[in-house]
Amino acid sequence: MKNINIDNLVCAHIKNMHAYSSARLEYDGKQAIFLDANENSLGSVTNTLHNRYPDPLQYDIKVALAHIEHLNTDQIFLGNGSDECIDVLVRCFCNSSKDEILICPPVFPMYEHAANVHHVKINEINLLPEIFQLDIDKIITEVEQNKQLKIIFICTPNNPTGNSINKNDIQLLLQKFDGLIVIDEAYQDFSDKESCLSMLNEYQNLVVIKTFSKAWGMADARLGMLYAHQDIISFMNVIKMPYNVNQHSQNLAIEALHNVDKKKEYVNILNNNRTYLLTEMSKINWIQKIFSTDANFILFRVEDANKAYKYLLDNGIVVRNRDKAPLLKGCLRVSIGTQAENEKFIEALKKYV
């Protein structure tokens, strides 16, 4: 295992902080008279009960996830979407106006947003044009020269390009960099590439983020998972909001984790639909390029992305215009839909002049 001193990475003021104290955490049983949190003991004004605070550490979900991922519960952090996981991580390890993160555009904008909110400097090293892989030499040079760099964010499969990032490059960075390397695997379920979770016990500076929003089909439940060394998780638990994941979302997560086969079925269907779209789109002569993808979306380039985007919008089809993103001039991104939705999309493409 690569050992790093996580205490040296965390913001100094957090080291002496204590997590919000809940008396519920001091009681191990399931049945008790709860008179500690000033809740409404009579119940709720709705037909279903919502008068009790949820488990602040979401223990039952962590037990189920630990079993699925072959990890320990103390290696798991749960957030109100992966957005909160990213936000808490930046707050925990980056000092405002001092420390820095590194991102590789074009990429998911939430890393940049979280850094901006907390006044953390953002370094950008673009992916290599057209192949969208890490510019590994430039990144290593930055790592060696920049002592204020705390976190490197890598999305794989990458949003919005769809391709998986070379795992050898990720491993090289894990070896070279003593800060945190965050691998966002929101779309990994749609890929045949191995998850970076397999390296979690090998590198203390590896952080892996996943989500219930994509393959699990639970975007409105707002639940993200972050996996890391237990010391990283411990510091994050200190500064998170006490009851950050509501009980309804926790219940839905438990239900979902008992339906892994259903998730696999959905992934297979969506991947087959992806193949259909790739095949049919390749027959559209005004599409200039279709990029390879391991995700549940396809990036493609046309001559005039703004015109094509408006045409699709006028025909009731909403895609994502990525024309202004770095390296993506002329590009649109389409999510994989149902078979009926995909057929309407292809029909519209065929009629476009």
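Residues numbered from 1 in each chain as written. Predicted model: local features only at pLDDT ≥ 70, side-chain atom pairs only at ≥ 80, totals over all residues. Heavy atoms only, no water.

Help me understand the overall build of the protein in this model?
When its secondary structure is counted, the protein shows 12 helices and 11 strands. In terms of overall dimensions, the protein is globule-like: its C-alpha atoms have a radius of gyration of 22 Å, near the 20 Å expected for 353 residues. Dimensions of the protein along its principal axes, counting C-alpha atoms only, are 70 × 55 × 35 Å. Looking at the protein as a whole, 52% of its 353 residues qualify as buried. Taking the contacts inside the protein whose residues are at least 6 apart along the sequence as the reference set, 69% of them involve residues at least 24 apart. Carbon and sulfur atoms provide 49% of the accessible area of the protein, an area that totals close to 17600 Å². Positive and negative side-chain charges in the protein, numbering 36 and 43 respectively, have mean positions lying 4 Å apart. (Helix = DSSP H or I, 4+ residues; strand = E, 2+ residues; numbered from the N terminus. Rg over C-alpha atoms; globule rule 2.2 N^0.38 Å. Buried < 20%, exposed > 50% of the residue type's maximum accessible area, 1.4 Å probe, protein only. Contact = heavy atoms within 4.5 Å. Areas by Shrake-Rupley, 256 points an atom, 1.4 Å probe, with all protein chains shown as cover. Lys, Arg positive; Asp, Glu negative; His and termini not counted. Charge placed at Lys NZ, Arg CZ, Asp CG, Glu CD.)

I tried to follow the packing of aromatic side chains on my own but got confused; where do I start?
Any aromatic ring pair is given by two values, namely how distant the centres are and how the planes are angled relative to each other. Per the counting criterion, the structure on display carries 9 aromatic pairs. Between Phe-108 and Tyr-111 the ring centres are 5.6 Å apart and the planes differ by 85°, which places this aromatic pair in the edge-to-face class. The class for Tyr-111 is buried, based on a relative accessible area of 0%. Among the aromatic residues, ring-to-ring pairing joins Phe-108, Tyr-111 and Phe-153 into one connected group. (Phe/Tyr/Trp six-rings, centres within 6.5 Å; stacked < 30°, edge-to-face > 60°.)

Is there a simple way to think about the pattern of salt bridges in this case?
A side chain with one charge can pair with a side chain of the opposite charge if their charged atoms come near. Summed over the entire model, instances satisfying the criterion amount to 15 salt bridges. For Glu-194, the salt bridge identified is with Lys-167, shortest N-O distance 3.1 Å. With a gap of 27 residues between them, Glu-194 in the loop between β5 (180-184) and β6 (206-211) and Lys-167 in helix α7 (residues 167-176) connect regions that are remote in the sequence. Judged by its relative accessible area of 24%, Lys-167 falls in the partly exposed class. One salt bridge in this structure joins Asp-189 and Lys-263, with 3.0 Å as the shortest N-O distance. Taken as a pair, Asp-189 in the loop between β5 and β6 and Lys-263 in helix α10 (residues 260-281) lie far apart in primary sequence, 74 residues in all. Judged by relative accessible area, Lys-263 falls into the buried class, the value being 13%. Three or more residues joined by partner-sharing salt bridges are found here, namely Glu-130, Lys-289 and Arg-301. (Salt bridge = Lys/Arg side-chain N within 4 Å of Asp/Glu carboxyl O.)

Looking at this structure, how should I read helix α9 (residues 247-257)?
Given 3.6 residues per turn, any residue in an α-helix points the same way as the ones three and four places further on. The complete set of buried residues in α9 reads Ser-249, Gln-250, Ala-253, Ala-256 and Leu-257. What you see down the axis of α9 is that its buried residues fit within an arc of 125°, all on one side. Of the exposed residues in α9, those oriented more than 90 degrees away from the buried face are His-248 and Glu-255. Of the surrounding elements, those touching the buried residues of α9 are α3 (59-69) and α10. Regarding α9, its N-cap is Asn-246, as a side-chain oxygen of that residue lies 3.0 Å from the backbone nitrogen of His-248 further along. (Arc of directions from axis to C-beta. Polar contact = N/O pair within 3.5 Å; in protein donor to acceptor, adjacent residues only side chain to side chain.)

Which parts of the structure should I look at to understand the sheet that holds strand β4 (residues 149-155)?
Sheet strands pair via backbone hydrogen bonds, and the direction of the pair is either parallel or antiparallel. One open sheet holds the 7 strands; their spatial order is β1-β7-β6-β5-β4-β2-β3, and the pairing between them is mixed. The strands lining the two open edges of the sheet, one partner per strand, are β1 (76-79) and β3 (121-124). Averaged over all pairs of adjacent strands, the angle between strand axes in this sheet comes to 25°, irrespective of strand direction. Direction of pairing for strand β2 (residues 100-103) relative to β4: parallel, over a ladder of 3 bridges. Bridging from a neighbouring strand, Leu-102 pairs with Ile-152 of β4. Here α3 sits on the sheet and contacts β1, β6 and β7 (224-227); the angle it forms with β1, its principal contact strand, is near 125°. (Pairing = 2+ DSSP bridges. Axes fitted to C-alpha atoms, helices over the stretch in contact; angles between N-to-C directions.)

What's the story with the environment of His-258 in this structure? I'm lost.
Residue position: His-258 is located in the loop between α9 and α10. Using a relative accessible area of 64% as the deciding quantity, one classes His-258 as exposed.

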